[in-house]
Amino acid sequence: MAGLFGRKKIEKREVDLNNLPQHIGFIMDGNGRWAKKRGLPRSAGHKAGAESLKKIITEANNMGVKYATVYAFSTENWSRPKEEVDYLMGLLMDYLVNAEKTLAGENVVIRAIGSRKELSEEMQRQIIKTENFTKNNTGIIMNIAVNYGGREELVNAARQIAEKVKNGEKNIEDITAEDIGNGLYTANQPDVDLLIRTSGEMRLSNFMLWQVSYAEMWFTDKLWPDFKPADLRKAIIDFQNRGRRFGGI
Ligand code: IPE
Ligand code: IPE
Ligand code: MG
């Protein structure tokens, strides 16, 4: 039928490695439901989710994606039962410790984004250690968002700019979008161009409010522990088949 109206749009079915999203954001959701479906405690879902994450980052890195930000713990997640919060923090700690052996071996640069001062001192030390250990790697830059909230990040950026105005380093009229970008945890990184959320929820949940302003959104009903490298490829292929106009025509 499409032939009647001219050339049929050719849909790509393979990832075009020359047209990858530069920065992929992952809202890794659905661990709890994955466990519930199996009659397991929520912690089992989080454990399976951490395994999923390793495979996805390895895949993204092998393809040549430059940046990935993964939402591991939001500023709102403190409202969960203490037992679950403790389990999640324990998993993150294991992840950071093991990353030095596994992901770092794959050349991944690991960074944490979010407010650190509410984390345990042990966690703060481990974050610095893992960041230093991986900082000279040349593969994908993986931002782990922990105690991260998009609003907190913007408030933090506003404070930094206000400080400059107070010190006479900046005039109010000269404040630009770039100044705000430079005050974010992701300063010097490209904006997110593909945002993936699993588990069927279609909301941002306070994730990277500034950086996703022109991101392509991709949602799947699959729960995070079921999200496989093939699903990531599918999301990227869909991304590559979309027309991005950025307000133009
Ligand atoms: C995502 O899975 C992981 C975190 C938020 C830490 P959830 O724990 O939110 O799982 P559901 O949404 O309850 O299924
Ligand atoms: C978002 O998931 C946070 C992370 C994935 C870490 P939530 O499960 O906390 O989000 P809501 O509560 O469904 O919005
Ligand atoms: Mg959830």
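Residues numbered from 1 in each chain as written. Chains lettered and ligands numbered in written order. Predicted model: local features only at pLDDT ≥ 70, side-chain atom pairs only at ≥ 80, totals over all residues. Heavy atoms only, no water.

S.K.: Could you give an account of helix α3 (residues 82-99), with specific residues and numbers?
M.R.: Relative to the 26 Å expected for 18 residues at 1.5 Å per residue, α3 spans 25 Å between its end C-alpha atoms, a close match to the ideal helical length. Those residues of α3 not exposed but buried are Glu-84, Val-85, Leu-88, Met-89, Leu-91, Leu-92, Met-93, Tyr-95, Leu-96 and Ala-99. The elements touched by buried residues of α3 are α2 (42-63), β2 (67-74), β3 (109-113), α4 (121-134) and β4 (141-148). (Helix = DSSP H or I, 4+ residues; strand = E, 2+ residues; numbered from the N terminus. Expected span 1.5 Å × (residues − 1). Buried < 20%, exposed > 50% of the residue type's maximum accessible area, 1.4 Å probe, protein only. Contact = heavy atoms within 4.5 Å.)

S.K.: Before we move on, can you summarise the site of ligand 2 with the specific residues and values?
M.R.: Near ligand 2 the following residues occur: Ile-27, Met-28, Asp-29, Tyr-71, Ala-72, Phe-73, Asn-77, Arg-80, Arg-197, Arg-203 and Ser-205. Between an oxygen atom of ligand 2 and a side-chain N or O atom of Asp-29, the distance comes to 3.2 Å. Between an oxygen atom of ligand 2 and a side-chain N or O atom of Arg-197, the distance comes to 3.4 Å. Its free accessible area being 390 Å², ligand 2 has 77% of it covered by the protein chains. Of the pockets mapped on this structure, ligand 2 occupies the largest pocket. Ranked by residues supplied to the shell around ligand 2, first place goes to β2 with three residues. A per-class count over the shell around ligand 2 returns five nonpolar, two polar and four charged. (Near = heavy atom within 4 Å. Polar contact = N/O pair within 3.5 Å; in protein donor to acceptor, adjacent residues only side chain to side chain. Areas by Shrake-Rupley, 256 points an atom, 1.4 Å probe, with all protein chains shown as cover. 1 Å grid on protein atoms, 1.4 Å probe; cavity = no way out; pocket = protein on both sides within 12 Å on 5 of 7 lines; lining within 4 Å. Sits in = over half its atoms within 2 Å of the grid points. Nonpolar A, V, L, I, M, F, W, Y, C, P; charged D, E, K, R; others polar.)

S.K.: Account for the layout of surface pockets, with residues named and values stated.
M.R.: The space that makes up the largest pocket amounts to roughly 660 Å³. Elements that contribute at least two residues to the lining of the largest pocket include exactly α1 (31-37), α2, β2, α3 and β4. Taken together, the residues of the lining of the largest pocket break down into 16 nonpolar, eight polar and eight charged. (Points joined across faces, edges and corners; volume = space filled by probe spheres on them.)

S.K.: Now, about the site of ligand 1: what can you tell me, with residues and values included?
M.R.: Around ligand 1 there are 13 residues in total, and Asp-29, Gly-32, Arg-33, Arg-42 and Arg-80 lie nearest to it. Alone, ligand 1 offers 380 Å² of accessible surface; in the complex the protein occludes 86% of this. Put simply, the parts of the chain that give the shell around ligand 1 at least two residues each are α1, α2 and α3. The dominant element in the shell around ligand 1, judged by the number of residues it contributes, is α1, at three residues.

S.K.: Any details on the pattern of salt bridges? Residues and values, ideally.
M.R.: Under the counting rule described, the total for this entry stands at 17 salt bridges. For Arg-33, the salt bridge identified is with Glu-201, shortest N-O distance 3.0 Å. Here Arg-33, found in helix α1, pairs with Glu-201, found in the loop between β5 (194-197) and β6 (216-219); they are 168 residues apart in sequence, far enough to count as distant. Overlapping salt bridges bring together Asp-29, Arg-33, Arg-197, Glu-201 and Arg-203 as one network. (Salt bridge = Lys/Arg side-chain N within 4 Å of Asp/Glu carboxyl O.)

Any link to function would need more than the numbers given here.
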